[in-house]
Protein chains: 4
Amino acid sequence: MTITPVAPTIFETRESAVRSYCRSWPTVFDRAQGSRMFDEEGRAYLDFFAGAGALNYGHNNPLLKRALLEYLERDGVTHSLDMGSVAKRTFLEKFEELVLQPRGLDYRVQFPGPTGTNTVEAALKLARKVKGRESVISFTNAFHGMSLGALAVTGNSMKRAGAGIPLVHGTPMPFDNYLDGLTPDFLWFERLLEDSGSGLNQPAAVIVETVQGEGGVNVARPSWLRGLAELCARRDMLLIVDDVQMGCGRTGPFFSFEEAGIVPDIVCLSKSIGGYGMPMALTLFRPELDVWEPGEHNGTFRGHNPAFVTSAAALDAYWSDDHLEKQTLVKGEQVAAALVELCAEHRGLGASFRGRGLIWGLTFADTRRAVAVCRRAFELGLLVETSGPKSEVVKVMPPLTVSPDELDEGLAVLGRAVRDTA
Amino acid sequence: MTITPVAPTIFETRESAVRSYCRSWPTVFDRAQGSRMFDEEGRAYLDFFAGAGALNYGHNNPLLKRALLEYLERDGVTHSLDMGSVAKRTFLEKFEELVLQPRGLDYRVQFPGPTGTNTVEAALKLARKVKGRESVISFTNAFHGMSLGALAVTGNSMKRAGAGIPLVHGTPMPFDNYLDGLTPDFLWFERLLEDSGSGLNQPAAVIVETVQGEGGVNVARPSWLRGLAELCARRDMLLIVDDVQMGCGRTGPFFSFEEAGIVPDIVCLSKSIGGYGMPMALTLFRPELDVWEPGEHNGTFRGHNPAFVTSAAALDAYWSDDHLEKQTLVKGEQVAAALVELCAEHRGLGASFRGRGLIWGLTFADTRRAVAVCRRAFELGLLVETSGPKSEVVKVMPPLTVSPDELDEGLAVLGRAVRDTA
Amino acid sequence: MTITPVAPTIFETRESAVRSYCRSWPTVFDRAQGSRMFDEEGRAYLDFFAGAGALNYGHNNPLLKRALLEYLERDGVTHSLDMGSVAKRTFLEKFEELVLQPRGLDYRVQFPGPTGTNTVEAALKLARKVKGRESVISFTNAFHGMSLGALAVTGNSMKRAGAGIPLVHGTPMPFDNYLDGLTPDFLWFERLLEDSGSGLNQPAAVIVETVQGEGGVNVARPSWLRGLAELCARRDMLLIVDDVQMGCGRTGPFFSFEEAGIVPDIVCLSKSIGGYGMPMALTLFRPELDVWEPGEHNGTFRGHNPAFVTSAAALDAYWSDDHLEKQTLVKGEQVAAALVELCAEHRGLGASFRGRGLIWGLTFADTRRAVAVCRRAFELGLLVETSGPKSEVVKVMPPLTVSPDELDEGLAVLGRAVRDTA
Amino acid sequence: MTITPVAPTIFETRESAVRSYCRSWPTVFDRAQGSRMFDEEGRAYLDFFAGAGALNYGHNNPLLKRALLEYLERDGVTHSLDMGSVAKRTFLEKFEELVLQPRGLDYRVQFPGPTGTNTVEAALKLARKVKGRESVISFTNAFHGMSLGALAVTGNSMKRAGAGIPLVHGTPMPFDNYLDGLTPDFLWFERLLEDSGSGLNQPAAVIVETVQGEGGVNVARPSWLRGLAELCARRDMLLIVDDVQMGCGRTGPFFSFEEAGIVPDIVCLSKSIGGYGMPMALTLFRPELDVWEPGEHNGTFRGHNPAFVTSAAALDAYWSDDHLEKQTLVKGEQVAAALVELCAEHRGLGASFRGRGLIWGLTFADTRRAVAVCRRAFELGLLVETSGPKSEVVKVMPPLTVSPDELDEGLAVLGRAVRDTA
């Protein structure tokens, strides 16, 4: 009997060792529709990862696809840097009408380059420029991006080491519940600020995620967020909410901070804002903060018109009323109910969960369990990923457009994956 | 008589003051095809700006459009982070077959996030990690991007000021001909390196553009680039060529450094690599440098499959043979001939020009003239932009697919704009 | 009647505005002996400031003076950089015999330049070099010096602002009791270290004062110091004790950390190590840490031989037995008893005190009171200074050689100053 | 036959490996007088090193010694931080009368801590504070000190590596004649400043030595210094002259910059300002720059009164007239004449020399020769040290009070040492 060794794929021979998701999910995807992806063998996968939050409206959503194809067919301008374009105007009008006005928000809109790290860089630069200070406060287990400015306020030590330079001008503070309720909220932060001998460089801003997706699905309580907003106002620091992963309805409302009733000074959006999974990002800020010089922050792909088209179509389809928001909360309860059951069943494993809207995290006493569960889920046709500093959390994040049946199906597979890895 | 004041547009009321090109070209573009853009009034503009180098194959190129529409129609996966996908595999195969192999290049390919600043950040991080040193040498009037890592090696003082923190770990050296031939190439750089008392922090890498597009169309001689490559090899510094704007055929060959016969350690590509003007970027490096940990540099939009599709189609259409490269050089001569004539005509204005392939710069003794020329060109239906630290250079950069007639037409308009601003 | 305005002194016309103590004590001192200073009018002041800790053996101590004069008379070498000298050898022998050996300490001795900030700079450089990491942990209200390395780990915001650059590579942690017992010791520090997602740059070292003299006479409990030492050992961080102000017997034993029973990796000494108030400093470290290259840290005044002479004489006179140590503790009780009484008397003022050995701090509910008390004390012939971020603490720090009667006298004056400022 | 191994000395067993001069000169010095040092065996050495410039008036100068002993005998206050003292007042009056007024200089005087690196730190902090900018320009082969601020503007790579952190906020420029006359003075510096796209962070200040002592006895021409001063004025940068080693008459006049006729904004003095080799330093600056807050830069040993006493005595003895200055120039010619002869004799060795006043450097084609010469000189009873990045320069720097006979004697020994090492 002869064993023919498998030839390495071009991903293995040509793509850099930095590649990651293709290692967790060793197949080659070809098509995708709604909540499902299909590999080139035609095998279907239920996608409870949703492009790490970039596919809130599902894969190749037909409502957006129609608008996109029509735009491309008629040779609508594709690339236009930050020139004026009809597609950009339409987007701005829809964003104003459907997002800002109903929420009483008066934000200026910057197109900072099309990715999450681009919008975070723009936010940090602007905050520092406005306040004339360098230091920014971030939180334990924060994730804000890979370019040097964003990386400096990101927690993960492996990713920080990739910088190759000391990452400074940022100071971490404990995220909500980080110290297990052993100390009052903001005790340390407030003392540092009020004590002129504390050694803290006075911060220009605080950057926070309302739910830390990459950091382990850590959920900030609304009261904690209000406390933070109040502290920022009182101590002359700008509050930046990085809503790249949790915005665009992931937690229910369009902005994840709405539930807390706070109004950040600066908001970062990307991922699902483009609607169709194409690169797009926004930086929003109060008009008084708009101290940019023309072109002071620029970039080639600030005007990706196909993304403006699908973004506007998504706002029309999903944010003209509160249907999606309500559905997200209902589906969130469906997930929570399943996780309650699952944790009860696996009480011996120290299983527990947390989440909001359609972002949930499941952990086990054995921190290695989450990786095994995700691997098994993949074999069973479900895409779920881990998060947290030790990859110890199974992150459940389906498209918001997932159907109740698909949700049930996926949660059942997840349950089986947990059982199978016992 | 009543004067009705013009109501401000939504760009003026809602978009941040940072917007720039929409100020130079005060109209609203709608459609585009080949070398022409059309505003919503249906007015046509000959585009000699080409998306700042992102549209080497013209607007909405029909060869690529067909592949793109077909992919979208059949629900090819749009967004897949860095998972394996058929579209990515096809791109990698084409890139290997049509770009790397014919040139004898063995580069690993990283998808670092889809913009120029993302690939520069990845390149700098990798170089620092490999060498265990922080310092990077850049050149006067370099432009590498707006996120903090890239901005630190960018020359423009207005953009640097936007950082809000001191930009360190970079040291500028004189670009080719910066000191007007008054000093031998690399005299200062070499002395700093060889003298252990010079105070220069030993650099991990040198980052260079072969032609500085944003910096004023400054063209490095091949011999200077060879000298630089040789210096890097001799002094243990990695050579990074930022080919974001000059790559993908802008100067003739696929990579702008081919003419000099050098092989950089790391190459940054973006802009036209996607083919259709959609966000995409690559970081290429020698296999020995591939020391990344899995996921050490990540990002949501590393796998924008529609761009892989148009990119592969563009490689197929334009880089299977040397037709495009030859045509670019021929058209470059056409531009040069016109500029010779124009400068001769305007000798009194101290007009001069420089360039390579299809990137040319035109300057005048009066540094304010370039802005006036571009403004007048716009009125006459030609899109050209300025570059250089004082916006003193008219930058001529049509799509590589421009026809000889279009070239003639645009150059004639340019000539008229110069005359009209006398 | 004519009023003759007082001509400004040369201190006012020629010395920089940065001058400070001469503002609190507006006179011109001429002579000094033991615990007393005399101004040029012959007025005597009882000195409970002791050169900010540089005069533990009193002013112009006759035992040391004899050795000094004899050395100078016979033209003993005064200045010798770091050459070998008889005076240096004698000092090293005495230091080994009387300080290191009896305490079982095996430290290498570096002469880092003669001031406190010099020894702190040397300690930080060495720790970073040994560990290959940049970050150092300091504590709230720490004071380590004014050169950039030491200033970066100093808490006072006014002094930090003097740097003119962002002070980075340091992170403050709460000093003992900083959070008023509301949180377990090291809870936050330990969580940051154990969580790979915390965002804390892994520290090379921790620098601490056992009693923060400038920071407000904040006294660390021995158990807290042991906890810190244990944390450093467990988490691979070097422990640096800055004993510049609290060393040389200020708290009783020669080193202030002896009471806690810990052995720091690196110790900084200056101020009273020279004995006679002349500039001298030492950096001590475990032999394994001695990775310096010859001359890697140098400086002109590392070999101030007259200070070696007085230093050796002081070791002989005061550290051959435990007499001084015991006396310091006895006198400390004398101070404490007086402060108990004083605070009882002024309970209405919210007076409280803390201290160890012969370093004590007295505070009042009204933070402005301490300044008034010190000003009044000066008028009454007693030199005491404030400390703390708001100058809210009266710092009582007489020479260790103060007599019980002088102590009583000074404490009585202090009591009167408190009463007089009511 | 038994060989008794030599027991290691306490310098070897107890002092840190960082020790340096005691390695070059392996003996133990005991006494010193004028231009001579004596080791404990009674062997005399002619000192052409002069405490690296700290002993311009020779060892234990009897004129100063008398004042010092008298002060100590009468219990003049030794240590007084920055309080007003009679000794400090006398010093300030003498400094005003004998140094500032005759030269028409109106400088404020700061006592920044007693060493060279302290005064440089103060100068840099002040310059950054005044200008609100971080960057400072230094020169190739500069030496300014070992604390982090001063080290960042020091050239030597071995010493820079000792920092353990990246040294930033400084940029080196070529010192006079660094590029061997191949390029006009300040060509590169000026281009960087005038070009808003150069990437140079706008400097707060320039720090320069008029003769680089540690860097290899590199002598700036007066015209170059004038060019630099003019450039600083034109480009809004403060000019800091670090006169720590070259001030107090080393080059002839009190300040080394007098010959060039320039008036720096800030001047750093230390080493010989104390007169007797005891620690003392000054930072001088134009009154308009005196923006310090009281106590914003402090330190324990700012008020070392014995050094004020010897400093005032030295000003009285040597700077009441121009005798010393003239003698220094005459003796300088004596040295130059000897070196002319020596170089002529050793033409085959590629010997050459340079210098001013009583600071001279002698080099050979073989860069290792200088070390051998100094070693041999020591054996022959002459102390001379090397300088320069490769220790390739023999540095001849006798006390200014050296007699012509001593000069002849030492130069003869130097000549023999050169011959003996052939």
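This section reports on the structure supplied with the text.

Definitions and cut-offs
- Residues numbered from 1 in each chain as written.
- Chains lettered and ligands numbered in written order.
- Predicted model: local features only at pLDDT ≥ 70, side-chain atom pairs only at ≥ 80, totals over all residues.
- Heavy atoms only, no water.
- Helix = DSSP H or I, 4+ residues; strand = E, 2+ residues; numbered from the N terminus.
- Rg over C-alpha atoms; globule rule 2.2 N^0.38 Å.
- Contact = heavy atoms within 4.5 Å.
- Areas by Shrake-Rupley, 256 points an atom, 1.4 Å probe, with all protein chains shown as cover.
- Lys, Arg positive; Asp, Glu negative; His and termini not counted.
- Charge placed at Lys NZ, Arg CZ, Asp CG, Glu CD.
- Buried area = accessible area lost by both parts, 1.4 Å probe.
- Salt bridge = Lys/Arg side-chain N within 4 Å of Asp/Glu carboxyl O.
- Polar contact = N/O pair within 3.5 Å; in protein donor to acceptor, adjacent residues only side chain to side chain.
- Nonpolar A, V, L, I, M, F, W, Y, C, P; charged D, E, K, R; others polar.
- Axes fitted to C-alpha atoms, helices over the stretch in contact; angles between N-to-C directions.
- Parallel < 35°, antiparallel > 145°, perpendicular 65-115°, else oblique.
- Left-handed = near helix turned anticlockwise from the far one by under 90°.
- Pairing = 2+ DSSP bridges.
- 1 Å grid on protein atoms, 1.4 Å probe; cavity = no way out; pocket = protein on both sides within 12 Å on 5 of 7 lines; lining within 4 Å.
- Points joined across faces, edges and corners; volume = space filled by probe spheres on them.
- Buried < 20%, exposed > 50% of the residue type's maximum accessible area, 1.4 Å probe, protein only.

## Describing the overall build of chain A
In step 1: Helix and strand counts for chain A stand at 14 helices and 17 strands.
In step 2: Relative to the 2.2 N^0.38 estimate, which gives 22 Å for 422 residues, the radius of gyration of chain A is 22 Å and therefore close to what a compact globule would have.
In step 3: Each principal axis of the C-alpha atoms in chain A carries an extent, and together these give about 75 × 60 × 45 Å.
In step 4: Across chain A, every contact between residues at least 6 apart in sequence was considered, and the portion connecting residues at least 24 apart equals 74%.
In step 5: Split by element, the accessible area of chain A, about 13100 Å² in all, is 50% carbon and sulfur.
In step 6: Side-chain charges of chain A comprise 43 positive and 52 negative groups, with the mean position of each set lying 3 Å from the other.

## Here's the deal with the interface of chain C and chain D
In step 1: Taken together, the contact pairs 104 residues of chain C with 104 residues of chain D.
In step 2: For the chain C face of the interface with chain D, the top three residues by lost area are C:R14, C:V18 and C:F301, together amounting to 8%.
In step 3: Across the contact surface, chain C and chain D share 12 salt bridges.
In step 4: Here chain C is connected to chain D by 58 residue pairs in polar contact (both at pLDDT 80 or more).
In step 5: For the side of chain C that touches chain D, a count of residues per class yields 46 nonpolar, 29 polar and 29 charged.

## Overview of the packing of helix α13 (residues 369–379) of chain C against helix α14 (residues 404–420) of chain C
Residues and elements named next belong to chain C.
In step 1: Packing of α13 against α14 brings their axes to within 8 Å, and their N-to-C directions diverge by 125 degrees. Judged by the inter-axis angle, α13 sits oblique to α14. The way α13 lies across α14 gives a crossing that is right-handed. Residues R369, V373, R376 and A377 of α13 form the contact with α14, whose participating residues are V413, L414, R416, A417, V418 and D420.
In step 2: Class assignment of the residues belonging to the contact of α13 with α14 gives a composition of six nonpolar, no polar and four charged.

## Focus: the sheet that holds strand β6 (residues 170–173) of chain C
Residue and element names in this part refer to chain C.
In step 1: If you walk across this open sheet you meet the seven strands as β4-β12-β11-β10-β7-β5-β6, and the pairing is mixed. Each end of this open sheet is capped by a strand with a single partner; those strands are β4 (108–110) and β6. Ignoring which end each strand starts from, the neighbouring axes of this sheet average 25 degrees apart.
In step 2: In the packing of helix α5 (residues 86–100) onto the sheet, the strands contacted are β4, β11 (266–269) and β12 (282–285), and the crossing angle to β12 comes to about 45 degrees.

## Digging into the layout of surface pockets
In step 1: In this structure, the largest pocket occupies an estimated 1200 Å³ of space.
In step 2: In terms of lining residues, the largest pocket is bounded by 50 residues, among which A:E134, B:P166, C:P166, D:G132 and D:E134 are the most central.
In step 3: Elements with a minimum of two residues in the lining of the largest pocket: α6 (116–131) and α9 (187–194) of chain A, α8 (157–161) of chain B, α8 (157–161) of chain C together with α9 (187–194) of chain D.
In step 4: Tallied by class, residues from the lining of the largest pocket come to 17 nonpolar, 21 polar and 12 charged.

## What to know about the sheet that holds strand β17 (residues 393–396) of chain A
All names here are of chain A.
In step 1: With antiparallel pairing, four strands are arranged side by side in an open sheet as β13-β14-β17-β16. For this open sheet the edge positions go to β13 (352–356) and β16 (385–387), each flanked by a neighbour on one side alone. Here the average twist between neighbouring strands, direction ignored, is 30 degrees.
In step 2: Bridge analysis of strand β14 (residues 359–363) against β17 gives four bridges, and the strand direction is antiparallel. Across the sheet, L362 pairs through a bridge with V394, a residue of β17.
In step 3: Here helix α12 (residues 323–345) sits on the sheet in contact with β13, β14 and β17, set at roughly 5 degrees to β14.

## Description of the interface of chain C and chain A
In step 1: If you look at the interface, chain C gives 31 residues, while chain A gives 31 residues.
In step 2: Approximately 2800 Å² of surface area, both sides summed, lies buried where chain C meets chain A, with 57% of it carried by carbon and sulfur atoms.
In step 3: Area buried by chain C at its contact with chain A is led by C:Y178, C:W188 and C:S196, which between them contribute 21% of it.
In step 4: Taken together, the connections running from chain C to chain A amount to zero salt bridges.
In step 5: Elements that contribute at least two residues to the side of chain C that touches chain A include exactly α8, β6 and α9 (187–194) of chain C.
In step 6: For the side of chain C that touches chain A, the residue count by class is 14 nonpolar, 13 polar and four charged.

## Describing the packing of helix α12 (residues 323–345) of chain C against α14(C)
Residues and elements named next belong to chain C.
In step 1: For the pair α12 and α14, the least separation of the axes is 10 Å and the interaxial angle reads 20 degrees. The orientation of α12 with respect to α14, classified from their angle, is roughly parallel. The chirality of how α12 crosses α14 is right-handed. The segment α12 lies against α14, with K331, Q334, V335, A338, L339, L342 and E345 engaging P404, L407, D408, L411, L414, G415, V418 and R419.
In step 2: Within the contact of α12 with α14, the residues separate by chemical class into nine nonpolar, two polar and four charged.

## Observations regarding unusual backbone geometry
A negative phi holds for most residues other than glycine; trans holds for most peptide bonds.
Residue and element names in this part refer to chain B.
In step 1: Phi angles above zero are rare outside glycine, and L81 is one such case at about 40 degrees.
In step 2: The residue L81 is located in the loop between α4 (62–73) and α5 (86–100) in this model.
In step 3: Here L81 falls in the buried class, since its relative accessible area comes to 2%.
In step 4: Positive phi values are uncommon outside glycine, yet N141 reaches one of about 65 degrees.
In step 5: For N141, the position within the fold is in the loop between β5 (136–139) and α7 (148–151).

## Topic: the environment of C:S256
All names here are of chain C.
In step 1: With respect to the secondary-structure elements, S256 resides in the loop between β10 (238–242) and β11.
In step 2: With 145 residues separating them in the primary sequence, S256 and T401 have C-alpha atoms 17 Å apart.
In step 3: Among all residues touching S256, those that are not within four sequence positions of it are T210, D243, M246, T251 and R356.
In step 4: Within polar-contact distance, the side chain of S256 engages the side chain of T210 at 2.6 Å.

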